[in-house]
Amino acid sequence: MIEFWDCRLRITRKGQVIIPQAVRQQLGLHPHCEVEFCLVGEQLVLEKVDSQRSERATEAIAHLQAHPPRAGLSTDEILALCRGDA
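Residues numbered from 1 in each chain as written. Predicted model: local features only at pLDDT ≥ 70, side-chain atom pairs only at ≥ 80, totals over all residues. Heavy atoms only, no water.

## Here we look at a nonpolar patch on the surface
Here comes step 1: Taken together, the side chains of Val35, Phe37, Leu39, Leu44 and Leu46 define a hydrophobic patch exposed on the protein surface, amounting to about 500 Å² of accessible area.
Here comes step 2: Going through the elements one at a time, strand E1 (35-40) and strand E2 (43-48) are the ones with two or more residues in the nonpolar patch.
Here comes step 3: Tallying contributions element by element places E1 first for the nonpolar patch, with three residues.
Here comes step 4: Mapping Leu44 onto the fold places it in strand E2. (Patch = residues over 30% accessible without salt bridge, like charges linked within 9 Å, V, L, I, M, F, W, Y side chains within 5 Å. Areas by Shrake-Rupley, 256 points an atom, 1.4 Å probe, with all protein chains shown as cover. Salt bridge = Lys/Arg side-chain N within 4 Å of Asp/Glu carboxyl O. Helix = DSSP H or I, 4+ residues; strand = E, 2+ residues; numbered from the N terminus.)

## As for unusual backbone geometry
Here comes step 1: You will see that His32, though not glycine, has its phi angle at about 75 degrees, which is positive.
Here comes step 2: Along the polypeptide, His32 turns up in the loop between helix H1 (21-27) and E1.
Here comes step 3: A relative accessible area of 81% places His32 in the exposed class. (Buried < 20%, exposed > 50% of the residue type's maximum accessible area, 1.4 Å probe, protein only.)

Function cannot be inferred from these measures alone, as they are strictly geometric.
Structure representation (structure tokens):
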């Protein structure tokens with residue numbers, strides 16, 4: 001277990017930072033999991049979102065339950081629904 005970790009990382013042109021594998025493994029960070037950034041004074045703190053379902057996923061599920069899929073729609077019609085254009 002890493003108790004204290006100190007390392008300098010470089011930010012890419014796209015504003016990305018690669019979190020070292022040992023840190024990702026210890027914190028259980030995996031592709032597509034959600035994290036939160038908190039600014040504490042002059043420090044940026046990264047925290048893993050604790051809930052199994054993020055708020056965004058919960059909202060998407062609620063939307064699908066309220067609006068069941070419609071059969072017979074074209075791809076363009078489905079995309080319009082996804083974008084909220086319909």
